Amino acid sequence: MSAVKATLKPRKSAVQARSVATVEALHTATLQVLTQQGLIRCTTTRVAERAGMSVGSLYQYYPNRDALLAAVLQKHLEWVAEAVELACGRHQGRPVAEMACGLVSALVTAKLRDQGISKALYAIAGERGGAELVARINKRMVAVIAAMLETAPDAHFEDPILTAGISLSAIVGPVRTLLEGNASPAFEAGLEQQTTLLLRGYLQAHQHPVSNKE
């Protein structure tokens, strides 16, 4: 294990109910400090103070700020991945138009449920270890999207993994534009509808040819 990875690992797992509650309090406090004071001012001291505990208690679970931020980011990304997995499971065997609608809705809703938190976590993704975590979660989502696409009754995909990867990027791209603060009000208002049209057209391009039987 690399030295960087080692520093991002929690000191101990939260197994007992009290430990789980403590970790949850730390995660909540971290998000509050991030959204209200920004990444630079998000220190272990401020997080511990917001959580109502000593910084020593925080260090029982996380060796440093990077490990805490990585844990918060991982929890969020896993929640997004679970939302995508649930949507893909519900849309297996459906026409590709319905798959597109369900996938966009699930991913956009999960990403933008709380824009303040999402923007803060987007900043964390650029921190040490964040890119690797994002890549791992994206790979997980691509796999489940590909599995859904393979069940489409009205389309055939030569390379489901490739199609799934492009589909995911087609949704994440506009969301990223919004989280980076580069979107107009009209862009934000039409994001889900327009992204659904985009993905639907892409997936429908793989539909079976229509028969010309008399």
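Residues numbered from 1 in each chain as written. Predicted model: local features only at pLDDT ≥ 70, side-chain atom pairs only at ≥ 80, totals over all residues. Heavy atoms only, no water.

## Structural notes on the overall build of the protein chain
The number of helices and strands found in the protein chain is 10 helices and zero strands. Reading the protein chain from its N terminus to its C terminus gives the helix and strand order α-α-α-α-α-α-α-α-α-α. A total of 214 residues make up the protein chain; the buried ones form 37% of that total. Long-range contacts, defined here as pairs at least 24 residues apart, represent 72% of the contacts in the protein chain between residues at least 6 apart. Accessible area for the protein chain stands at about 11,500 Å²; split by element, carbon and sulfur atoms hold 54% of it. (Helix = DSSP H or I, 4+ residues; strand = E, 2+ residues; numbered from the N terminus. Buried < 20%, exposed > 50% of the residue type's maximum accessible area, 1.4 Å probe, protein only. Contact = heavy atoms within 4.5 Å. Areas by Shrake-Rupley, 256 points an atom, 1.4 Å probe, with all protein chains shown as cover.)

## Concerning the nonpolar core
What tends to happen in soluble globular proteins is that the nonpolar side chains get buried as a cluster. Among the nonpolar cores identified, the biggest contains 56 residues, and Val 47, Tyr 62, Leu 107, Met 141, Ile 145 and Leu 149 are the most heavily contacted of them. Residue assignment for this core shows that the elements contributing at least two residues are helix H2 (17-37), helix H3 (44-51), helix H5 (65-90), helix H6 (96-111), helix H7 (115-124), helix H8 (130-149), helix H9 (160-179) and helix H10 (185-204). With 11 residues, H5 is the single largest residue contributor to this core. If near-sequence neighbours (up to four positions away) are discounted, Ile 145 is found in contact with Val 84, Cys 88, Leu 103, Ala 164 and Leu 168. (Core = buried A, V, L, I, M, F, W, Y, C linked by side-chain atoms within 4.5 Å.)

## Here's the deal with the environment of Ala 155
Residue placement: Ala 155 occurs in the loop between H8 and H9. Under the relative-accessibility criterion, Ala 155 is labelled buried at 7%. Ala 155 sits 53 residues away from His 208 along the chain, and the two C-alpha atoms are 5.1 Å apart. Sequence-distant contacts of Ala 155, defined by excluding residues within four places in its chain, comprise Val 96, Leu 203, His 206, Gln 207 and His 208.

## Thoughts on H5
The terminal C-alpha atoms of H5 lie 38 Å apart, and with 26 residues this matches the ideal 38 Å at 1.5 Å per residue to within 8%. Between the side-chain oxygen at the start of H5 and the backbone nitrogen of Asp 66 there is a gap of 3.2 Å, and the oxygen is on Asn 64. (Expected span 1.5 Å × (residues − 1). Polar contact = N/O pair within 3.5 Å; in protein donor to acceptor, adjacent residues only side chain to side chain.)

## Digging into the side chain of Thr 30
One can find Thr 30 in helix H2. Judged by relative accessible area, Thr 30 falls into the buried class, the value being 0%. In contact with Thr 30, other than residues within four places in its own chain, are Cys 42, Val 47, Leu 68, Leu 69 and Val 72.

## So, the packing of H9 against H10
For any two helices packed against each other, one specifies the inter-axial angle together with the distance between the axes. Following both chains from N to C, one finds H9 and H10 inclined at 165°, their axes separated by 10 Å at the closest point. For the element pair H9 / H10, the angle class is roughly antiparallel. Seen along the crossing, H9 lies across H10 with a hand that is right-handed. Residue-level inspection shows Thr 163, Ile 166, Ser 167, Ala 170, Ile 171, Pro 174, Val 175, Thr 177 and Leu 178 of H9 in contact with H10, the latter providing Phe 187, Glu 188, Leu 191, Thr 195, Leu 198, Leu 199, Tyr 202 and Leu 203. The class makeup of the residues in the contact of H9 with H10 is 12 nonpolar, four polar and one charged. (Axes fitted to C-alpha atoms, helices over the stretch in contact; angles between N-to-C directions. Parallel < 35°, antiparallel > 145°, perpendicular 65-115°, else oblique. Left-handed = near helix turned anticlockwise from the far one by under 90°. Nonpolar A, V, L, I, M, F, W, Y, C, P; charged D, E, K, R; others polar.)

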